[in-house]
Amino acid sequence: MSVKKTLMMVGLGIFGIVALIAVFTSWYTVDESEQAVVITFGRADDMVTNPGLHFKLPWPVQSVEILSKETFSLQFGYKQNKEGELEAYDAETKMITGDENIVLTDLVVQWKITEPNKFLFNSQDPEAILHSATSSAIRSIIGSSSIDAALTEGKADIEANTRDLLVTLIEKYDIGISVLGVKLQDVELPNKDVRAAFTAVTDAREMKNTKINEAEKYMNKRTNEAEGEKDAIISKAQGTKTARIEQAQGDVAVFNKMYDQYKGNQQITRERLVLETLENVLPKAQLYIMNDDGSTMKYLPLQALQPTEKQTTTETKEKKEGSGN
């Protein structure tokens, strides 16, 4: 075989290899959950987010980096091994609170890639930077919080403040990712005896708050009852006041009418009033009309002359029987 023919065969082989490389590296596909960056001679040009088949210049002119659009989770303070068990890293999660207590804090950070160009070229390891920023943010917030807030009612504020600080740090680093949320998993004391003591203190505080709430509830109940009794007494007094005023006004009206009669017939009215008063004061007394002229007292027994109720009834009955015969 001649040298010329050998060179031709080698050239054809190289051309075939180049042709195959050109064919297989001139197209790429992007899934709905993916995004791609086209790189031309090491420089990022275009970002592709539309799913489907796309074409580019063959390698090594252009290459493609395909990244996920999904939300990732950064586990800080623990990891899940292959057997599905959680492995804690106390050295990473041990922190000091603002009142100089030690707590173990682990959390989860939800993040996603929003600028693939920066994610690929602005840092060598964006996830490591995110991990370090998370550690800095949570330690800063825990360091300005009390032990009570970290273990009880302040967790929501710690989560929100950590997220805000972490977002600020990531924007400053400009590594092409966005923090979506921060969720505290566990905040606990490092020692069992300390945890038991703190639990006892927490229970005592909750008992105190419960007793205070019960006392306030009882106070409100008694206050409402007292207010009701006060309103009832005031209402009754106002009713009595109104009744007394109306009675007094009626008595005044009666007196005014009586006075008008008295002015017209003073003597007769005076005697009538005396007799009515005696009748009211002594309802069972027998009344006599007496005339005392200084010598012999004469009187007329009017009640003796009036028939009793029994006699009147008997006479009426006898009259009915006589008329019947």
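This section reports on the structure supplied with the text. Just so it is clear, the structure is predicted and the values come from calculations on it, not from any experiment.

### Re the layout of surface pockets
Consideration 1: Taken as a whole, the second largest pocket holds about 180 Å³ of empty space.
Consideration 2: Taken together, 14 residues form the lining of the second largest pocket, with G77, Y78, A88, D106 and D186 sitting closest to its centre.
Consideration 3: Listing elements by their share of the lining of the second largest pocket, those giving two or more residues are β8 (86–88), α2 (90–93), β10 (102–113) and β11 (177–188).
Consideration 4: Tallied by class, residues from the lining of the second largest pocket come to five nonpolar, four polar and five charged.

### Brief notes about the nonpolar core
Consideration 1: With 31 residues, the main nonpolar core has L130, I138, L166, I170, I177 and V179 as its most contacted residues.
Consideration 2: Of all the elements in the fold, those that place two or more residues in this core are β6 (72–76), β10, α4 (126–143), α5 (147–151), α6 (155–173) and β11.
Consideration 3: The element contributing the most residues to this core is α4, with six residues.
Consideration 4: Once residues lying within four places of it in the same chain are set aside, the contact partners of I177 are W111, K112, I113, T114, F119, L130 and I170.

### A short note on α4
Consideration 1: When the terminal C-alpha atoms of α4 are compared, their 25 Å separation across 18 residues agrees well with the 26 Å that a helix rising 1.5 Å per residue should span.
Consideration 2: Along α4, the residues that are buried comprise P126, L130, A133, T134, S135, A137, I138, I141 and I142.

### Some details on the side chain of E159
Consideration 1: Structurally, E159 is set in helix α6.
Consideration 2: Taking the relative accessible area as the measure of exposure, E159 reaches 17% and is therefore buried.
Consideration 3: The contact partners of E159, leaving out residues within four places of it in the chain, are V182, K183 and L184.

Quick notes on the rules
Residues numbered from 1 in each chain as written. Predicted model: local features only at pLDDT ≥ 70, side-chain atom pairs only at ≥ 80, totals over all residues. Heavy atoms only, no water. 1 Å grid on protein atoms, 1.4 Å probe; cavity = no way out; pocket = protein on both sides within 12 Å on 5 of 7 lines; lining within 4 Å. Points joined across faces, edges and corners; volume = space filled by probe spheres on them. Helix = DSSP H or I, 4+ residues; strand = E, 2+ residues; numbered from the N terminus. Nonpolar A, V, L, I, M, F, W, Y, C, P; charged D, E, K, R; others polar. Core = buried A, V, L, I, M, F, W, Y, C linked by side-chain atoms within 4.5 Å. Buried < 20%, exposed > 50% of the residue type's maximum accessible area, 1.4 Å probe, protein only. Contact = heavy atoms within 4.5 Å. Expected span 1.5 Å × (residues − 1).

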